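Descriptive structure summary
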Amino acid sequence: MRRLIIIGLAALTITLGLRGARIVTAAGATIESGTIVIRRGLIDAVGPAVTPPSDADIIDGSGLTVYPGLIDLGNSRAADQPAPQPPQNPRTTAELERWKRAQILKPQARAADAVKVDDADLTRLASAGITSVLATPAGDVISGQSALVNVVAPPDEPQIGSIVEPRRGLVVVKNPVALHVSFPDRPRAGGNAYPESLMGVIAFVRQAFLDAQHYASEQAHYQRAKTGDRPAEDPSLEALQPALERRMPVAFEANQAREILRALKLARELKLDPIVTGARDAEDVAADLKSQNARVIFSLNYPERSRALAPDADEPVRTLRARADAPKVPAALAKAGVPFAFESAGLTDPKDFVKNAAKAVKAGLAPDAAIRALTVGAATIAGVADRLGTIEKGKIANLVVTDGDLFEEKTKVTRVFVDGRPVSLEAAPAAPAGRGRGRGGER
């Protein structure tokens, strides 16, 4: 009989095992029968000939498959970020514009500081096999820094005066991951204050980075010369320096081909390290993405027919084509050699994340390429491939156990482990009907 054994060997970790299952490592060939040993939240050993400890509790895993935990690289609901309130009765236009600038130029804002802990919505993600998400900052234009977090925190240890901040740190895998930039036609913050058009937003973003370059030059000159007045410090411009120095990638939200090309042009001009998110028309510019070594985080929130339309109402051919072509984009990216991963980007039902990835497989994406995009591909883009994304010795033990092939419609997630600990998959409250609109301390 085939054997797979998963064993936890640490305080706060249950010792358990599975027998007779497959291991899809995402690092190489699938192990048809093997053993995984987990120790202190990490994979201590994996392979067909690994001998489990004698005290391991074995669970029958016949007909089950184990995958690395799935990674959602775009979830704005993972952090609690209330909408900013505009000033009441601003006395001057300048006052309103200063407030608006503060809302659309927030590179110093960190999603990690607002990550939800012990949140039911995040725990629901585990029921779909999602063990880590990229918590993205809220807002428009230059909105801040994302963080990769696990969906479940470990249980509380006995202590006095427990507060949420230490527990928040327990779920953060990497912070920051990327600086996020979008180009809305009209930013929501600030009413009619500048910028209030797409061209104004583009100019604002370019000028912000140019100002940050000048700011760095002035600071460096002062440090060398030690003469004259010390330049005033600007937290926003200071926070742009890692992006300008290519120590932090810049994630541009862009869907249409012309938007993607605009983002690539800006990244090239400013010598930034680009990631394109959303990327609905990425197939049309795959060669451009490849030539600039850009990565793509493709949205699995596919366009759908508007519910406001009557059942017999016609739709433009372009709209119909966009809806039909959306699942074909990942296969085109894979063919072009563009690294990509997936984001939920507003999906309200976690199960749609895998279901829509399965649609990409049906549209031509190889199943193993889809698995990689959900696991090691996502980990690589997030800069954590040394810790997540594959089932290998030394990796964090985020694992998903299913009763069949991940992309089969009837397959169910039977067990999930985060940091080597089992996650309860009991039914959580259902999400509201409908879909969201688009996007929404290192351990």
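Please read these numbers as outputs of a predicted model, since none were measured by experiment. (Residues numbered from 1 in each chain as written. Predicted model: local features only at pLDDT ≥ 70, side-chain atom pairs only at ≥ 80, totals over all residues. Heavy atoms only, no water.)

Re the pattern of salt bridges
On inspection of all chains with the given rule, the structure shows 14 salt bridges. Residues Glu-32 and Arg-22 are paired through a salt bridge, measuring 3.3 Å at the closest nitrogen-oxygen approach. With a gap of ten residues between them, Glu-32 in the loop between strand S3 (22-23) and strand S4 (35-39) and Arg-22 in strand S3 connect regions that are remote in the sequence. In this structure Glu-32 comes out as partly exposed when scored by relative accessible area, which is 41%. Accessibility expressed as a relative area gives 24% for Arg-22, which makes it partly exposed. Arg-39 is the salt-bridge partner of Asp-44, the closest N and O atoms lying 3.5 Å from each other. On the basis of relative accessible area, Arg-39 is assigned to the partly exposed category, the value being 33%. Among the charged side chains, a network of salt bridges with common partners joins Arg-39, Asp-44 and Lys-393. (Salt bridge = Lys/Arg side-chain N within 4 Å of Asp/Glu carboxyl O. Helix = DSSP H or I, 4+ residues; strand = E, 2+ residues; numbered from the N terminus. Buried < 20%, exposed > 50% of the residue type's maximum accessible area, 1.4 Å probe, protein only.)

Some remarks on the side chain of Lys-106
By the secondary structure assignment, Lys-106 is in the loop between helix H1 (93-104) and helix H2 (120-126). It is Asp-140 that comes nearest to the buried, bridge-free Lys-106 among opposite-charge side chains, at 9.1 Å. Lys-106 has contacts with Ala-138, Ile-142, Ser-143 and Gly-144, leaving out every residue within four places of it along the chain. (Lys, Arg positive; Asp, Glu negative; His and termini not counted. Contact = heavy atoms within 4.5 Å.)

A short note on the pairing of strand S16 (residues 295-299)
Consecutive side chains of a regular strand alternate in pointing toward one face of the sheet and then the other. The element S16 is largely enclosed, with a buried count of five among its five residues. Where burial is concerned, the two faces of S16 agree: the one with Arg-295, Ile-297 and Ser-299 and the one with Val-296 and Phe-298 are both buried. Remark: the strand S15 (residues 274-278)/helix H8 (residues 286-291)/S16 crossover connection has right-handed handedness. In the sheet, S16 pairs with strand S17 (residues 340-343) via four bridges, with the strands oriented parallel. In the sheet register, Ser-299 faces S17, and the bridge partner there is Glu-343. (Right-handed = clockwise from strand over helix to strand, strands pointing away. Pairing = 2+ DSSP bridges.)

Here we look at H1
Given a rise of 1.5 Å per residue, twelve residues ought to cover 16 Å, and the 16 Å separating the end C-alpha atoms of H1 matches this to within 8%. Those residues of H1 that sit buried are Trp-99, Lys-100, Gln-103 and Ile-104. For H1, the angular spread of buried residues about the axis comes to 125°, placing them on one side. Packing partners of the buried residues in H1 comprise strand S10 (142-145) and helix H4 (198-225). (Expected span 1.5 Å × (residues − 1). Arc of directions from axis to C-beta.)

Here we look at the sheet that holds strand S18 (residues 399-402)
Spatially, five strands are ordered S3-S7-S18-S19-S20 in an open sheet, and the strand pairing comes out mixed. A single partner strand is all that each edge strand has here, and the edge strands are S3 and strand S20 (421-422). In this sheet, S20 lies alongside strand S19 (residues 413-418) in antiparallel orientation, the contact comprising two bridges. When the bridges of S20 are listed, Phe-417 appears paired with Pro-422.

Focus on the packing of aromatic side chains
Summed over the entire model, instances satisfying the criterion amount to three aromatic pairs. Between Phe-183 and Phe-252 the ring centres are 6.2 Å apart and the planes differ by 5°, which places this aromatic pair in the stacked class. One end of the pair, Phe-183, is in the loop between strand S13 (179-181) and H4; the other, Phe-252, is in strand S14 (residues 250-254), with 69 residues separating them in the sequence. Looking at Phe-183, the relative accessible area reads 11%, which means it is buried. (Phe/Tyr/Trp six-rings, centres within 6.5 Å; stacked < 30°, edge-to-face > 60°.)

Re unusual backbone geometry
Of note, the amide linkage connecting Asn-175 to Pro-176 takes the cis form, showing an omega dihedral of -5°. Mapped onto the fold, Pro-176 is located in the loop between strand S12 (172-174) and S13. Of note in the backbone geometry, Arg-40 takes a positive phi value of approximately 50° without being a glycine. Tracing the backbone through its elements, the reader meets Arg-40 in the loop between S4 and strand S5 (42-47). By relative accessible area, which is 65% here, Arg-40 ends up exposed. A positive phi angle, near 60°, is found at Arg-246, a position not held by glycine.

Quick notes on the nonpolar core
Judged by nonpolar contacts, the single largest core of 61 residues is most densely connected at Leu-289, Val-296, Phe-342 and Phe-407. Among the elements that take part in this core, helix H11 (residues 351-362) stands out by supplying six residues, more than any other. When neighbours within four sequence positions are excluded, Val-296 is seen to be in contact with Val-276, Ala-279, Leu-289, Leu-333, Val-338, Pro-339, Phe-340, Ala-341 and Ile-381. Among the nonpolar cores identified, the runner-up in size contains 29 residues, and Phe-204, Ala-208, Phe-209 and Leu-244 belong to it. (Core = buried A, V, L, I, M, F, W, Y, C linked by side-chain atoms within 4.5 Å.)

Quick notes on the packing of H4 against helix H7 (residues 257-270)
For the pair H4 and H7, interaxial distance at closest approach is 11 Å and the crossing angle is 20°. Judged by the angle between their axes, H4 and H7 are roughly parallel. When the axes of H4 and H7 are compared, the crossing they make is right-handed. In this structure, H4 uses Leu-198, Ile-202, Val-205, Arg-206, Phe-209, Leu-210 and Gln-213 to contact H7, whose residues at the interface are Arg-262, Leu-266, Glu-269 and Leu-270. (Axes fitted to C-alpha atoms, helices over the stretch in contact; angles between N-to-C directions. Parallel < 35°, antiparallel > 145°, perpendicular 65-115°, else oblique. Left-handed = near helix turned anticlockwise from the far one by under 90°.)

With respect to the sheet that holds S15
Reading across the sheet, the six strands line up as S10-S13-S14-S15-S16-S17 and stay open at both edges, with mixed pairing between neighbours. Edge positions in the sheet fall to S10 and S17, since each has one partner strand and no second. Taking the axes of each pair of neighbouring strands and ignoring which way they run, one obtains an average angle of 25° across the sheet. Bridging between S13 and S14 involves three bridges; their strand directions are parallel.

Focus: the confidence of the model for the protein
With 87% of its residues at a pLDDT of at least 70, the protein reaches an overall mean of 86. Ignoring residues within four places in sequence, the model shows residues 10-16, a span with pLDDT below 50, making 22 contacts including any to other chains. Note that residues 428-443 has pLDDT below 50 and, in this model, 44 contacts with residues that lie over four places away or in other chains. (pLDDT = per-residue confidence, 0-100.)

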